[in-house]
Amino acid sequence: MKIASINVNGMRRAVERGFLDWLKAQDADIVCVQNLKTKSFELDDSILYPEGYEGYFLDAEQDDFAGVGIYCRKIPKAIMYGLGFEQCDNEGRFLQADYERFSVASFLMPEDPHAKQRFIAQYSDYLSKLRRKRRQYIIAGSWYIAHKTVDLDHWSEHQSTPGFRPEERAFMDQVFGPMDFVDTFREVERNAGHHTWWQKHDSEVPRKRQDGWRTDYQITGPDIARTVKSAWIDRDADFSEFAPLIIEYDLEL
């Protein structure tokens, strides 16, 4: 099973820059998208239902803001919209597709530091309860946090920068510590230099020569983490300031 996740940072612009061609070439089972910055009903059917996929979306109430989606080759048994608290649901930050053996969610953390801290307080409670359930989960999306020093360039210069502040990293320590979630990308790749976001993205300069951050994750419990076969970041996909994170699991939908 192949799952791709990408912060499109504006779906219309991403489509203009080749998102649909990239989607077709991936042949992924599930593609989680974040930061649509548009209402799904305003998009063409070619975007909502690309060939071979069913699309599901949760819009933000505010115009030109947030929003998440999931493209599925196999129709899920159920779709869950939101997490039941206002900041998440009204801003379109969490959408979950339920299958027989596990669930896959598309997730978008707030970028603003103050909004992020408010969100984390409630999201932490959800994650703690989630790990006590018997069902397995894969949560794919943008967290706007680089966890370790290996996850960004020139980390010593960014210790007070939003996205790498001590309180944000401490939250990730809890997620990958006591909460018992696993950063699936790091099950495969331990080295530095793997990034999913470039703050000063320049399409004329290869991304490997730009300063980047790894702020996008696919997290899961230990059982599914043991099925990870491969993981990579598609730096050549150039339709967003973010790069797709792609994980292959030894699982079937």
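Residue positions are given per chain, counted from 1 along the sequence in the order it is written. Restriction of local features to residues with pLDDT of at least 70 applies here, the model being predicted, together with a cutoff of 80 or more for giving and counting side-chain atom pairs; totals for whole chains, interfaces and linings are based on all residues. Calculation of side-chain values draws on the structure's entire complement of heavy atoms; hydrogens and water are dropped beforehand.

## Focus: the UniProt feature "binding site: Mg(2+)" (unreviewed entry) in the chain
Stated formally: UniProt positions are given in the numbering used here, feature names are shortened, and annotations may be inferred rather than shown by experiment. Counting from the N terminus, the helices are the DSSP runs of H or I reaching at least four residues and the strands are the DSSP runs of E reaching at least two.
The UniProt record annotates "binding site: Mg(2+)" (unreviewed entry) at Asn7. For Asn7, the position within the fold is in strand 1 (residues 2–7).

## A few points about the packing of aromatic side chains
Between two aromatic rings, the relevant description is the distance of the centres plus the angle of the planes. Rules: Aromatic rings from Phe, Tyr and Trp, with only the six-membered ring used for Trp, were paired whenever their centres fell within 6.5 Å, and each pair was classed as stacked if the ring planes differed by under 30 degrees, edge-to-face if by over 60, and tilted otherwise. In our convention, an over-ring charge means Lys NZ or Arg CZ found within 6 Å of a ring centre and within 35 degrees of that ring's normal.
For the structure on display, the rule yields 22 aromatic pairs. Here the aromatic cluster, defined as three or more aromatic residues joined through ring pairs, consists of Phe85, Phe94, Phe107, Phe119, Tyr123, Tyr126, Trp143, Phe171, Phe176 and Tyr217. Taking NZ or CZ as reference, Arg73 lies 4.3 Å from the ring centre of Tyr53, over its face. Positioned over the ring face of Phe181 is Arg131, at 5.6 Å from the centre of the ring.

## Some remarks on the UniProt feature "site: Important for catalytic activity" (unreviewed entry) in the chain
Counted only if it meets this: Contacts between residues were defined by any pair of non-hydrogen atoms, one from each residue, lying within 4.5 Å. What qualifies as a polar contact is a pair of N or O atoms within 3.5 Å, subject to a donor-acceptor requirement within protein and to the restriction that residues adjacent in sequence count only when both atoms come from side chains.
With numbering matched to this structure, UniProt assigns "site: Important for catalytic activity" (unreviewed entry) to Asp216. Here Asp216 is in contact with Asn7, Gly141, Ser142, Thr196, Phe242 and Leu245, once residues within four sequence places are set aside. Within the structure, Asp216 has its side chain in polar contact with the side chain of Thr196 (distance 2.6 Å).

## Points about the sheet that holds strand 4 (residues 68–72)
Note the threshold: For two strands to pair, DSSP has to find at least two bridges joining them. Only the stretch in contact is used when fitting a helix axis, every axis being a line fitted to C-alpha atoms; angles between N-to-C directions are given from 0 to 180 degrees.
Across the sheet, which stays open at both edges, the six strands sit in the order 3-4-2-1-12-11 with mixed pairing between neighbours. Only two strands of the sheet have a single partner each, and these edge strands are strand 3 (54–58) and strand 11 (228–233). Between one strand axis and the next, the sheet turns by 15 degrees as a mean value, whatever way the strands run. The pairing of strand 11 with strand 12 (residues 245–249) spans five bridges and is classified as antiparallel.

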